[in-house]
Structures are given as C-alpha cells and as structure tokens.
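Spelled out from the first residue to the last, the chains are:
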Amino acid sequence: MTGQDARLALVFIHGFLSGPHTWTQMESLLSSDAPVSEQVTVYQYEYTSKIAQLNPLKRLPSIDNIARGLGDFIDLRVVEPSILLVAHSQGGLVAQRYIAAEVSRPESSTLHRVVGLLMYATPTGGSDLALSLRRPLFRLLGGNPQERELRPLDEQVNAAQRRIFESILIPPDPRYRIKILATVGTEDNVVKDVPGRSVFPDTRTLPGDHFTIIKPSDLDDVRYLTLKHEVQTLTDQTLTDQTRSRPKEASEGRRDLTATIFALPSAPRDFVGRAAELEQLLRIRNDLPPLFANIYGRAGIGKTTLAIVAAQRFAPDYDRTIYINMRGYEAEALDTFEVTGEILRAYGLAPSKISRDRGLRSGQLRAILGTMKTLLVLDNCADEHQVRPLLPADGSTGVIVTSRQAISIEGLENLWLRELDMNDAKELIYRNRAYDQADERIVEQLCATCGRLPLALRIVAAALRLRPESTLTELDRTYSNSKLRLAEMRIGDLDLEASLSLNYPSLEPAAQKAFGLLATLPTAEFQAWHLGTGDGTSLDTARRSLQRLADQQFVDVVGRTATATERQYRYHDLLRDLGRKFAASDDEARVRFLRNVLAAYIVLAEEAGLAIGLDGGQIEGALGASTWVEIGTLAVVVRENPVTWMDGEARNITVLIEQAFKDGLFDEVWLLARAVSTYLDSTCSWDAWINACRLGAEAAARSHNVMGSATMALHLGVALSRIGRASEAQAELQKASDVFTSIGDKVGIAWAQFRLGESFRLGDSPAEATQCYREALASLEGVEAHTAMRSYPHLGLGSVYRVAGDVAGAVRELSAGLSRAIADGYPRAVGWIGFSLAQALSDAGDYAAAAASLSQAREAFERYPAKIGQTWVALVAIELKIRSGALPRDGGQLAELDHLIENFRTIGDTRGEAWGWFTIAQIAVLHGDRHRATGALDNATALFTECGSELGTAQARLQLASITDDSSRERLLSLARQQLDALGCRWPDELIAQKVVGWRGW
C-alpha cells in the first residue's frame, strides 16, 4: 500500500448563505497539526446559497441539485480512495441527500469511497427559528428552494434519512462502511438538540452556538479534537480494510505478489487540472466498457500522472491494479515476453508451468487476468508491440496505456494530452510556493516560458522550493534565455532535456536532421516544402519526415496551409530549443538551409506578384533563384492561389528577412524585401513594409548592389509617403531616381519620378508634381517592354488637371492611362485609374460613364485585392449617388460611411477618413440636418489639416459656406478662395456645384 493510498480526503461542505470561508479556522488548525495534515488532503465543495436570485436568467439550486453536484465533484476532483465528508448546517443535509441518492443506484461510482460523515449543527429535524417571519419574507423574494427544506418535518429531508437509516445503519450494509457522527452546540438556538440529533444514534454535544461550533480556538479545543478523532479512527480503519482485502493466494499455494511488485505509484501531491481529460476517461469507462484508453502526448506533458490519478480513482471498481513502466524509449525497454512471465510468477504460477512460447504465454496471462477484475496500467509504451501481447481477452479487465504517440489497436481510445491552461499552470507553481498578487505577471511569464508543460513547471516549482533565496524574477530571467533554459531546467531527478530527447534516437536519420534544421527557421510555422527546398530533398521525403516527427510529438500539426495544399506544423518552444541545440554544431549547414529557403521564397513571392498583377514586374536575372527540383510544382500552386498564398506567408517572409540580415545574406534580403513590398502596400501593412524596406536598403548597400539600393529606396519612399512623411519620402524617391539615372534604367527612372510626383501632388504642390509626371513619360520614350509605368503618369497628370479645374484635360489623360493599363494587363493600374476617371466624369456631369468606370475599378480591385482601393471605390460610389440625385432617403448610406471611415482609420489613411466625414456632411445637408452637417465638416476640416490637404480644407469651407447665412459665410468664402488660388485651382461655379451640395455661388 502506497503513501497516497493511506491518505484520507476531507471534503468540507458549507451551509446556508455561506461559503468555503466558513472553514478557514478549522483548515488552519489542520495544517498546523503535522500528524493529521500528513494523513489528509483537504477539498472544499462550494455551491451557490443566498437569500434570493435577482438575475431572471438564473435560479437558486435545490438541495437535490447541490447533492448531485457533490457526487460529480467527488467523481472528478477527489482522487483519494477514502473520503470523510465534513459538513456544517445545511451542508449536512446536502451530504445526506447525496448518500441517499447513491445508495439507490445499483452501481454507485463514488459512495464506496465514503467512509465517514461528520455533521456540525445540521438541522436534520429542521429549524423553527423565526419561522413565522421566514415564510412571508422568502415568499416575497420569489421563494428559496434551500430555505423550504430547512423547515421542520420536511418530507424530502425525512425520506433521505430513512433511506440512510434502513440501507446503511440498520442492519449494516457490507458494501458501505460509513461512520456517521452528528454534533450539536450547547448554545445553538438555530438547530436545537433534538432536531440536530434526529435519527442518527452516534451524536456529540460541543460548546458553542450555530456558528462558533466550527471555530475552534486551538489544537486542544474539543471542537477540533472531534474532527481529529474521526480522521485518525477512519485512517486506521482504512488501513485495516485494505490489509484484509488483499487478493487471496493464487494457484500452487504461492502468494499473489502483484500488489507489491506491480504496485501503483503515488500521484504528485501538486496534481492540478485535467478535469476534462478525467471526465473523458470516465466516459470511455462508462460508455465503452471495459476501460481501454491510451493517453498520449509529448514528453513532460503529464501522461503518467494522469494515468495514475485515473487508476486511483477507478481502482475501487477492480479487484486488483497492476502498474508496469514499459520504459519504451529507454535502452532498458521491457520486452513483453519477460513482462508476461513476471506477471504470471507474481500471480503464483510456478516457473516450470510458464510457457516459453510467446503466443501461449500471452494466453496464460489472459486466462489468469480473467479470474478477477483487473485494472492494467501500461506506462511509457513505445508502440503497439509493447501493448498488444499484454491485452486481456475478457471484458472485465480495464487497460490504461501511456505513450508519446497514438496507438492503433482496435477498440483503443486515444486521448491526446495538451499543455495545461494558464490558470492550472499558475496553480501548480502556487501549490509549491505561494506568491503575492504583485507577482502574478511574473508567474504568468514563467508559465509561458515553460510552455505550460507540467514537467517544466515542476522543475521551476522545485527550484523555488529548494532554493528559497531565488526570486521569481531571477528564475524568469534565467528561463527566458532560449539558449540557456534547457540546461537550467533540471533539478534533482527532474531533467527536462533528458525527457524531451528520450525518444530522439528512435527517429530515422532523415527525421533527426529535419528536427534540427527546421528549428533554426525563425518562422512560427512551417510546411514540408520548407524542409524540401532547404535540404534539397523531395516533397514526399519531407512529408514523411514531418509525419514521423508529428507522430513522436516533436512537432505539432496545426491545420492546413491557407491554400489547403499542405499540412502546417509548429514547434513547442522548448522543443524548438532542443532542435536548435542539436543543429548548433553545424552552423554552415544552418546558413545553407536558410539560404535555400530564402531562394524559394524569392521565386514564389514574385510568382504570386505576377499572378496577382502587381505592377513592379519581375527583376531580370534575380539572384538566389531556387535550384530545388520541385520549385515548379509549388509555383503552380502559388499561381493558382496567389493572394491566399501571400496572406499565409507574408508574416513568415518578414521574419525571414530579419534573420537573413543577421546572417549576412544581403542579396537575399533585398530581393525578398522587394518581392513582398507591393503586397504589404496593398494590405496597408505599413510598419512591416517600412521595416522590410529599410533592411533591404541597408542590405543592398552592404553588398554594393546598385540596382538593389535604387529599388529599395523607391519602395521605402512609397511606404513613407503612405503614412504622410512627405519630406523623408521625397528624399528617398529622389535618391532612387538619381541611382536609376546613373545606371541608365529608364523604367526605374519613370517609377521614381512618378512616385515623386505623387508625393508632391498629395502635398498640394501641383507644379512640381506635373514636372515629375512628364519626366516619367519622357524617360519611357523608346522603351518597348510592357510596364505599368506606361499608364501611371497619365493617372498623375489627370489628377493634377482635375484639381486645377480642367475637367476635360483630366478625362483625356485618365482615359489614355486606362486604355494603356487595360492593354498591358495591369489590374492594379486599372483599379486606380478607373477610380480617378470616375471622379473626373462625375465632375463633368456624365454620371452614367462615371458609374461604368467605377464598376471597372471595382472589378480590378477584386482581382487585385487592395483594401485601400476597395474602400475608396465604395466612398466614391456614395459620392456619385449624391451628385446624380440617386441617393436613397432611408439613411442607409450613413451606416456604410461609418464603416468606411473605420476602415480608413484602421488602414491609417487620414485623407480618406476626412473625405468620409465630408460625404456624411453632404448627406446631412440633403436631409436638412444642419447641425449634423456642421459637426461632420468640423471633423473633416481637422483631419484635412492633420494630413496637410489644403484642397480638402478649402472644399470643406465651401460646403460649410453653402449652409451658412450669417456674416461668417463671407469669411469662409474668402479663405477658400485664397487656398484655391494658391493651389492654382480655377473652379467655375458649375464645377463647384458638382462638388458642393447646395452651392449658391461666390
């Protein structure tokens, strides 16, 4: 019998209108009384009890419901085989109801473990205190099911007592040995002497009233000594019963030694959580008898602990329990042939009678296990070969297996054990050393560092316990260093690294190599192609290696890729540390692996860009082109799902750029940064884009790559202009233009000049913008290659003409640009030019043509998903309805505009947010809501000012002037005219009337 078997569970049950705090004094004395505290484990059963339930969606539980909850609590939470229920007041009625209900069940799953019930001041005969007042009060409050059963002569209370008296006490039932003691207080006026004793013959009178009866002052207080006496009596009784119930001697007169040779180990005293897993094992036992389950998961996850706890809970259902550590991954792994022989000898079978044939010996084992109900626990099994020969044939033997992998045996239920949740992880540390509330954050960090792995957490807890001078902060600092924590996570016989690597030798050489190499990648997740391209192996070989690693719990399968073509894998952080340690001896192989993966990403990212229709095109003769033989197969998948692939891989690409820069792979850095830039632009990932561009620019400079320097300066300038940093953007774009000029790259010059023109135009500098656009067109003279740059300068010029009031010129330039973009097949250019052309046609009053152009832009942005473009198209569609008089009167567009403004805010487009408010103001004007219009225009003006848009500010003032009748109208018109004149805008009244709702002229 183990030490765990000898412990008695104390389950405290509080009373009416109370809670677990009522037992604080009793618990404190128990913990200070060493002889008793070593014999017991304390549990608190809590339930809802209050005067009234004011929440209409909830109700107060009845005593029947509370009693059923007590049964579930014992079943799922209490692991000790012997239980003493300790109850106060109404808690005693709950315990009685639970016992009475369990007695009525033919096969009670928990009652045989209850050895005692100690009741303090329980109204077994009811309480008549203030009865005449209680009835109307609780009736007024909607009734209280618990209070009703506290009244004298309650039929349900009496029925429960009769059941206990007749079934357990008189005559005693051999199945249940429950010692019941009822106590009453000398000064208790709530539960008086006779009602407190009721039918139970064993009673005691203690000092105190209804509440102080459970508040002993010290260890010599008779109220505490009563509980202590019950604990010691019942512990002694349990020991005697277990000794008497040992199995009888087996055949040939030899003793059955299974209880000593194959005894179940003790479960850790700090066991926490796993309620769902225990409930699942209980379901397997109840729904699919006999119990046949495999608890599997990675090293240190708590498989053995859960198996032992479950076995202790289920042990009373069996005549004997056999535990065997099969040592499946150790050099001394047990052979089932020898194990079978040991079990047969332990049962008393003479060695001469034990067969030397494997099959016959397994048959002997099945025969002998069938003589009594047996629970077989096979711990640390490597695979099916260590399980199948030991399985019984009868339906009365339960089997619990633990392994690092799922096991395929018919009828075996595989239960995958995951990490503890954060609350249980913190509780495990707390049980070993209490921490202050101020330490909560550090404890959470420690739990996260340990990956919520129970073995790692126990090592941390042991360090706290054995090294009292250590602080939580010191340990967190030590274990947060990924290069040191594996070496530090060992104490006594607990060694995390040894446990994690135990089954590593069983992996094939290819899987071992994959485990180390993949761990060096900085990406959170990875797929088979990362291994294939990095190591130069085929996809099929890579898939097999990853499947083997997943089977042995070295990596986790986390779903499928965004394109649904491959499985996605991820490391547990501590296993990534282990893999990196194995790979550390060959840094040259690590860098070569990373370089190959980067080369594949460069090719695939550019394939995705071309398939989407990104405007940058492919760099001729790109460095680092992948030599992997299957890159073409993967490229086909990317071309078929370019946006989905980029959505799934963009984060990986950005972290790979950072790692490559650290490793000095500078050519790969700028090429990959360039390949992902336009995608990051389209998804408005400004911070990631700017970081990638800066690293790319620095990498190109360090590798003295002139083309790379110019390209990255171009992309960095665009990124900076997107977030309103105009001066920095213009400096980078001018640098790009100068470098492209120095190497004679005409297309590069055109791109740089166009982007520079955009920066000037958005900064309300139309003359400088026009010059840049014309230089872009001039640089393309004589260039025959297809490029989106043939169309973009027309977009810039058309936008400048539109601002200046030259609507005809704007329509001409934008139409020319749109035709070129369609002919050259660049959907992004089609989207932006079509969008701008729709605005110009609207200015001209040609609403039908404007709607057609806007529809063309919408379709282009759907093909080339650009959230910012889609949002602008939706905004201009509402503007078009306002101008054409097609705006519905139901106000639905206001809700849509709120959504668009939020989109602009999320993207970081302040200009778009301002025009959203301006459009709301126009709708308010149409609806005659001057107050709302004024507020919206105030918001628009503030945002236009923030982003430096003089044109937007002027138009907002014109709109405000259109609804103003006092002297301020002239001031607004004067300010607007000054701004428009400064911008070179010569807007006639008819054009302003298109742009401003309710325009009344200058």
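The text that follows walks through the structure, step by step, so that each part is easy to find. As the structure is a computational prediction, the values presented were derived from the model and not from experiment. (Residues numbered from 1 in each chain as written. Predicted model: local features only at pLDDT ≥ 70, side-chain atom pairs only at ≥ 80, totals over all residues. Heavy atoms only, no water.)

### A closer look at unusual backbone geometry
Residue R327 is not a glycine yet carries a positive backbone phi of 50°. One non-glycine residue with positive phi stands out, namely Q553, at about 65°. In this structure, Q553 sits in the loop between α24 (539–551) and β15 (556–560). (Helix = DSSP H or I, 4+ residues; strand = E, 2+ residues; numbered from the N terminus.)

### Concerning the pattern of salt bridges
Throughout the structure, instances matching the rule amount to 43 salt bridges. Between E149 and R97 there is a salt bridge whose closest N-O contact spans 2.4 Å. With E149 in the loop between α7 (145–148) and α8 (155–169) and R97 in helix α5 (residues 90–103), this pair connects stretches of sequence that are 52 residues apart. The pair E149 / R97 is uniform in exposure class, with both members buried. Salt bridges here are not isolated pairs; linked through shared partners, they connect R298, R418, E419 and D556. (Salt bridge = Lys/Arg side-chain N within 4 Å of Asp/Glu carboxyl O. Buried < 20%, exposed > 50% of the residue type's maximum accessible area, 1.4 Å probe, protein only.)

### Some points on the packing of aromatic side chains
Per the stated rule, a full pass over the model turns up 27 aromatic pairs. Ring centres of F661 and F666 lie 5.6 Å apart, and the angle between their planes is 65°; this geometry places the pair in the edge-to-face category. If you follow R361 out to its NZ or CZ, it ends over the ring of F337, 3.7 Å from the centre. The ring of W416 has R418 sitting right over it, with the charged end atom 4.0 Å from the ring centre. (Phe/Tyr/Trp six-rings, centres within 6.5 Å; stacked < 30°, edge-to-face > 60°. Lys NZ or Arg CZ within 6 Å of the ring centre and 35° of its normal.)

### Quick look at the side chain of S677
In this structure, S677 sits in helix α29 (residues 666–682). For S677, a relative accessible area of 0% puts it in the buried group. Among the polar contacts listed, one links the side chain of S677 to the side chain of W689, at a separation of 3.2 Å. Other than its neighbours up to four places away in sequence, S677 contacts W689, C693, M712 and H715. (Polar contact = N/O pair within 3.5 Å; in protein donor to acceptor, adjacent residues only side chain to side chain. Contact = heavy atoms within 4.5 Å.)

### Structural notes on the sheet that holds strand β8 (residues 320–325)
The strand order across the open sheet formed by five strands is β8-β9-β10-β7-β11, and the pairing between neighbours is parallel. Each having just a single partner strand, β8 and β11 (413–416) make up the two edges of the open sheet. Averaged over all adjacent pairs, the angle separating strand axes in this sheet is 15°, with direction ignored. Here strand β7 (residues 292–296) pairs with β11 via four bridges, running parallel. Residue pairing in the sheet places Y296 in a bridge with W416 of β11. (Pairing = 2+ DSSP bridges. Axes fitted to C-alpha atoms, helices over the stretch in contact; angles between N-to-C directions.)

### Overview of helix α23 (residues 528–535)
With respect to burial, α23 is a largely interior element, seven of its eight residues being buried. For α23, the set of buried residues is A528, W529, H530, L531, G532, T533 and G534. G536 sits one or two residues past α23 and shows a positive phi near 75°.

### Here we look at the environment of T397
Assignment of secondary structure puts T397 in the loop between β9 (374–381) and β10 (398–403). In contact with T397, not counting residues within four places along its chain, are P290, L291, L369, T374 and P392.

### Regarding the sheet that holds strand β2 (residues 40–45)
Ordered by their spatial adjacency, six strands build an open sheet running β2-β1-β3-β4-β5-β6, and the pairing between neighbours is parallel. Bordering the open sheet on either side are β2 and β6 (203–206), each of which pairs with just one other strand. For this sheet, the mean angle separating the axes of adjacent strands, direction not counted, is 20°. The sheet strands contacting helix α2 (residues 24–32) are β1 (8–13), β2 and β4 (114–120), and the helix crosses β1 at an angle near 160°. Contacting β1, β3 (82–88) and β4, α5 runs over the sheet at an angle of about 140° to β3.

### A closer look at the pairing of β7
Among the five residues in β7, five count as buried, and that is most of the element. By the alternation rule, side chains of β7 split into F292, N294 and Y296 and A293 and I295, which are all buried. The sheet contact formed by β7 and β10 spans five bridges and is parallel. Directly across from I295, in β10, lies its bridge partner T402.

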